[in-house]
Each structure stands twice: as structure tokens, then as C-alpha cells.
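Results of the structural survey
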Amino acid sequence: MRTVLFAAIATLIGVVGSAVPVLERGPVAGAQTTATVSIGDNWFCNASYADGVCDTSITAGDTVLWTNNGTLPHTVTECGPAFTPCPQSGGFDSGTLTNGQTFSRAFPTPGTYEYWCSIHGNAMRGRVIVAAAQQTPIPTPAAPASPGGTASPTPTRTVAAPAAVPGTGGSPTDGGISTPAILAIVAAALLIACAGGGLSVLRRR
Ligand SMILES: [Cu+2]
């Protein structure tokens with residue numbers, strides 16, 4: 001009868017072992033950041049980009065904040081691909097920014113976004129290059145070869161070995177353990193307690 005109980009406990013731990021890494025992959029999106037771009041007379045980023053194109057590289061979901069540090073009014077106005085046309089119908093547009101005024105825009109979609117100052121034209125151009133956000137893989141010990149499990153769609157989809165599960169010694173109040181893991185540990189402890197004390201319901205079977 002104890003064999004049956006231990007088998008049940010092992011199964012329970014196994015289920016938790018495969019569920020925990022999936023749960024831990026939830027909040028993997030990197031912290032969103034804000035890139036700042038200075039606007040001057042007449043350039044974006046810094047004076048070396050006067051009559052040039054300033055590139056700002058960010059990750060999808062990030063925000064770009066432009067600040068007019070010049071004495072002249074300027075705009076941040078989206079253009080079409082390769083700056084054709086400028087402005088682009090429906091594109092973002094800060095409107096006129098005077099000294100000290102700012103304009104910010106989030107870029108949730110990967111791609112390249114060209115813009116210029118609609119007052120000074122080709123003299124003031126820039127590009128926002130938005131890279132796709134990447135999921136942060138959770139480092140796990142090498143998983144044993146699983147039958148039929150070779151078709152994992154992504155390299156981050158690994159299965160933790162049961163040894164990685166904090167089955168013993170983990171405090172229920174430990175913030176690092178997920179709720180399902182705590183429940184499973186409590187259940188396992190109850191099963192062990194029942195096995196030791198003699199669970200009449202199970203023994204009748
Ligand atoms: Cu300008």
C-alpha cells in the first residue's frame with residue numbers, strides 16, 4: 001500500500017516539476033525602457049547628425065522621448081519608408097515643439113520608423129529601429145531525453161528535472177515558490193502523513 005502512496009506522491013511531484021517552469025516563464029518580458037533623443041538646431045540626437053540621419057535602436061514596447069533643446073521650433077514627424085513621403089499620412093506627429101517641450105511615443109511593433117522635422121526637412125532626420133522583444137530563457141538543468149518530446153517549438157521550452165523541484169526544505173512562506181508548487185508540497189506532506197498514520201480509506205481498497 002505504501003508503494004501506491006509513494007507512486008501517487010511521485011506523480012504529483014512530477015506534475016509540479018513540469019508545471020513550474022511554465023509558470024516561471026510568465027513575466028519574462030524585459031523591463032520597458034525609454035530612449036531619449038535630443039532635438040537641436042538643426043539636428044536630432046547631436047550636432048554631428050545635422051543634415052544626416054540619427055538612428056535610435058530600441059526593443060518593441062519601448063518608448064522614445066524627444067526633447068527640444070534648441071532655440072528654434074521643431075517637429076518630430078513620421079515619414080514613409082526611406083523618407084518617402086514626408087510626412088506620411090496617418091503617421092505620428094509631435095506638432096510644433098518649442099524649447100523645452102517634449103514628445104514621446106511607444107513603439108510596440110518591430111520595424112523601422114523614419115521621421116524628420118517638418119520645419120527643417122532633410123536637414124533634420126532620424127530613424128527609430130525597433131527590434132522584436134525576446135523571451136528570456138529560464139536556465140534549467142539539462143532535461144533527460146523525453147519520448148516524443150523532440151519537437152519542441154522553441155529552445156526555451158525545456159522541462160525541469162524532478163530534482164529541481166523544492167520538494168523538501170522549502171518554506172511555505174518562501175516567496176520564490178509558486179502557489180501550485182506549495183499546494184503540491186502540502187498535498188504530498190499530507191499523503192506521507194496518512195501513509196505513516198494508516199489511512200483507513202486507502203487501506204480498505
Ligand atoms: Cu526643425
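Small disclaimer: the values here were computed from a predicted structure and weren't measured. (Residues numbered from 1 in each chain as written. Predicted model: local features only at pLDDT ≥ 70, side-chain atom pairs only at ≥ 80, totals over all residues. Heavy atoms only, no water.)

Here the copper ion is held by His74 (ND1), Cys117 (SG), His120 (ND1) and Met124 (SD), and the distances to it run 2.0 to 2.6 Å. Angles of 87 to 133° at the metal separate the four donor atoms of the copper ion, which places the site in the tetrahedral class. You can call His74 buried: its relative accessible area is 0%. Here Cys117 falls in the buried class, since its relative accessible area comes to 0%. (Donors = N, O, S within 2.8 Å, 3.2 Å for Na, K, Ca; no water. Tetrahedral: all angles 85-135°; square planar, octahedral: opposite > 155°, others 65-115°. Buried < 20%, exposed > 50% of the residue type's maximum accessible area, 1.4 Å probe, protein only.)

Now for unusual backbone geometry. Here the residue pair Asp41 and Asn42 is connected by a cis peptide bond, since its omega of -5° sits within 30 degrees of zero. Along the chain, Asn42 falls in the loop between strand S1 (34-40) and strand S2 (43-44). With an omega dihedral of -5°, the bond running from Cys86 to Pro87 counts as a cis peptide bond. You will see that Cys45, though not glycine, has its phi angle at about 80°, which is positive. (Helix = DSSP H or I, 4+ residues; strand = E, 2+ residues; numbered from the N terminus.)

The next point concerns the environment of Leu97. With respect to the helices and strands, the residue Leu97 is situated in the loop between strand S5 (77-78) and strand S6 (102-106). Exposure remark for Leu97: the relative accessible area of 4% places this residue in the buried category. Distance from Leu97 to Thr67, taken between C-alpha atoms, is 8.3 Å for residues 30 residues apart in sequence. When sequence neighbours within four positions are dropped, the list of residues in contact with Leu97 reads Ile39, Asn68, Leu72, Pro73, His74, Val76, Thr102 and Phe103. (Contact = heavy atoms within 4.5 Å.)

Strand direction decides the pairing type here: S1 and strand S4 (residues 63-68), joined by six bridges, are parallel. Residue pairing for S4: Val37 is matched across the bridge by Trp66. Direction of pairing for S4 relative to S6: antiparallel, over a ladder of five bridges. If you follow Thr67 over to S6, its bridge partner there is Thr102. (Pairing = 2+ DSSP bridges.)

Within this structure, the stated rule accounts for seven aromatic pairs. Ring-pair connections join several aromatic residues into one group, and the members of that group are Phe44, Trp66, Phe92, Phe103, Phe107, Tyr113 and Tyr115. Arg105 extends its terminal NZ or CZ atom over the ring of Phe107, reaching a point 4.8 Å from the ring centre. The aromatic ring of Phe83 is capped on one face by Arg125, whose charged end is 5.0 Å from the ring centroid. (Phe/Tyr/Trp six-rings, centres within 6.5 Å; stacked < 30°, edge-to-face > 60°. Lys NZ or Arg CZ within 6 Å of the ring centre and 35° of its normal.)

With that out of the way, let us pick up the sheet that holds S2. Taken in spatial order, the four strands line up as S2-S1-S4-S6 in an open sheet, and their pairing is mixed. If you trace the sheet from one side to the other, it starts and ends with S2 and S6, each paired once.

On to the confidence of the model for the protein. Low-pLDDT portions of the prediction should not be read for the details of their coordinates. Across the protein, the average pLDDT comes to 73, with 54% of residues at 70 or higher. Contacts from residues 1-28, a stretch scored under 50 in pLDDT, to residues over four places away or in other chains number 36 contacts. (pLDDT = per-residue confidence, 0-100.)

Summarising the element assignment, Glu78 is placed in strand S5. Among residues more than four places away in sequence, those in contact with Glu78 are Pro87, Gln88, Gly91, Phe92, Tyr113, Glu114 and Tyr115.

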